[in-house]
Structures are given as C-alpha cells and as structure tokens.
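Here is what each chain is made of, one letter per residue.
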Amino acid sequence: PVTGAYLGWLIEEQRTNLMLGSADLGNAGYWTADGVTVAANAAVAPDGNTAAERLTYSSGNNRHSQSVSIPAAAASYTLSAYVKADTATY
C-alpha cells in the first residue's frame, strides 16, 4: 500500500509453467517455427534487461507454436504473454 504498512503475508498457490522453453522461443526442441525467425536478446524485456526475443515473420504460415499437454481437463488454465510492436505494422 501507499503507507507501507504491513498487512500480512501474501500466500499464493503453487503454479506450474506448462510452456516448456517459454524463455527461449528459439529452442527448436520445444517450439515449431513456420515462416518465423527468432533473434535472442534483441529487445528490452519488461524487467529492463535486454533479454526479449524478436520474432520476424518472413514466409509460410507465419506461425510460432508449441504443443502443450494439459494434465487435467477440469482445471482452469491461464496463458499470458508480453508482446509489443517493434518493426512490424501489425
């Protein structure tokens, strides 16, 4: 809070990232690129470090994907990504 007053512990449940290699979009062991080139450490990431990757679409289906095994159909899942425009107009 603005006052800096202690309001107790924030306890969150454990989470598992199902996207393997999510910090390395150029890893062909996890990701399938169809008409996409990945340049590592090409832009500033949200934490201020030059660690973001640049995806450049060139040909084909312009798709960068990964198959993910979902362990339980009854559970809720969330997908989030930090994406910003660089040189593309779309």
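**Some words on the overall build of the chain**
Looking only at helices and strands, the chain features 0 helices and 4 strands. For the chain, the C-alpha radius of gyration of 18 Å lies well beyond 12 Å, the compact-globule estimate for 90 residues. Judged by the C-alpha coordinates and their principal axes, the chain covers about 55 × 35 × 25 Å. Here the contacts in the chain between residues at least 6 apart in sequence split such that 46% fall between residues at least 24 apart. Summed over its atoms, the accessible surface of the chain is roughly 7700 Å², and 53% of this surface lies on carbon and sulfur atoms.

**Observations regarding the confidence of the model for the chain**
Overall, the prediction assigns the chain a mean pLDDT of 83, with 96% of residues at 70 or greater. No element of the chain has a lower mean pLDDT than strand β4 (residues 63-65), at 85, and none a higher one than strand β2 (residues 36-43), at 88.

**Describing the side chain of Gln-66**
Mapped onto the fold, Gln-66 is located in the segment after β4. By relative accessible area, which is 16% here, Gln-66 ends up buried. One polar contact links the side chain of Gln-66 to the main-chain carbonyl oxygen of Leu-20, over a distance of 2.8 Å. Not counting residues within four places of it along the chain, the set of residues in contact with Gln-66 comprises Leu-18, Met-19, Leu-20, Tyr-30 and Trp-31.

**Description of the environment of Thr-3**
When you line up the elements, Thr-3 lands in the segment before β1 (32-34). For Thr-3, a relative accessible area of 70% puts it in the exposed group. Reaching out from Thr-3, the side chain makes a polar contact with the backbone nitrogen of Ala-5 at a distance of 3.2 Å.

**Concerning the side chain of His-64**
Following the sequence through the fold, His-64 ends up in strand β4. Side-chain polar atoms of His-64 contact the backbone oxygen of Leu-25, separated by 2.8 Å. The contacts of His-64, once residues within four sequence positions are left out, are Leu-25, Trp-31, Thr-32, Ala-33, Val-36, Val-38 and Leu-55.

**Quick word on the environment of Ala-33**
Inspection of the secondary structure puts Ala-33 in strand β1. Sequence separation of Ala-33 and Gln-66 is 33 residues, and the distance between their C-alpha atoms is 9.0 Å. Not counting residues up to four positions away in its chain, the partners in contact with Ala-33 are Arg-63 and His-64.

Rules used in this analysis
- Residues numbered from 1 in each chain as written.
- Predicted model: local features only at pLDDT ≥ 70, side-chain atom pairs only at ≥ 80, totals over all residues.
- Heavy atoms only, no water.
- Helix = DSSP H or I, 4+ residues; strand = E, 2+ residues; numbered from the N terminus.
- Rg over C-alpha atoms; globule rule 2.2 N^0.38 Å.
- Contact = heavy atoms within 4.5 Å.
- Areas by Shrake-Rupley, 256 points an atom, 1.4 Å probe, with all protein chains shown as cover.
- pLDDT = per-residue confidence, 0-100.
- Buried < 20%, exposed > 50% of the residue type's maximum accessible area, 1.4 Å probe, protein only.
- Polar contact = N/O pair within 3.5 Å; in protein donor to acceptor, adjacent residues only side chain to side chain.

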